[in-house]
Amino acid sequence: FVYDTPPDLTRFPLDCSIGQWGTEVLFHRFFTSSECRTSDPNEANFFYVPVYSTCISVRENITDDAKGNELLWDPLVRFLYSQPWFSRRKQRDHL
């Protein structure tokens, strides 16, 4: 299952697909189009959580933990804890 994370966590897909951050977008695209993907979270063995954290950190010039928490990690954690499947297996099935 691939989450539809908040758009702020996957912004700049074109810019982020180039260079050393490309794997963040590549994995997202791979799992989105994979034959093993399910649209039913109840059937999922694993959950992919797309976030372009490295690319966004560089583009937004995030140089300290406080700003990183504010722009990336706090929104991500809030989103995940709002999902009913996140705690189903103690988060061990989330990538």
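Here the structure is shown first, and the text comes after it.
Summarised in this report is the structure supplied together with it. All values derive from a computational prediction rather than experimental measurement.

Parameters and conventions
Residues numbered from 1 in each chain as written. Predicted model: local features only at pLDDT ≥ 70, side-chain atom pairs only at ≥ 80, totals over all residues. Heavy atoms only, no water. Core = buried A, V, L, I, M, F, W, Y, C linked by side-chain atoms within 4.5 Å. Buried < 20%, exposed > 50% of the residue type's maximum accessible area, 1.4 Å probe, protein only. Helix = DSSP H or I, 4+ residues; strand = E, 2+ residues; numbered from the N terminus. Contact = heavy atoms within 4.5 Å. Disulfide = S-S within 2.5 Å.

## Some words on the nonpolar core
Judged by nonpolar contacts, the single largest core of 20 residues is most densely connected at Tyr3, Phe47, Tyr52, Leu76 and Leu80. Going through the elements one at a time, α3 (53-59) and α4 (65-81) are the ones with two or more residues in this core. Per element, the largest residue contribution to this core is four residues, and it comes from α4. In contact with Tyr52, not counting residues within four places along its chain, are Leu9, Thr10, Arg11, Pro13, Cys16, Glu24, Val25 and His28.

## Things to note about the state of the cysteines
Under the counting rule described, the total for this entry stands at one disulfide. Disulfide pairing places Cys16 opposite Cys55 at an S-S distance of 2.0 Å. One quick way to see it: the torsion about the S-S bond of Cys16 and Cys55 is about -85°, and its sign makes the bridge left-handed. With Cys16 in helix α1 (residues 13-16) and Cys55 in helix α3, this pair connects stretches of sequence that are 39 residues apart. Assessed through its relative accessible area of 1%, Cys55 is described here as buried.

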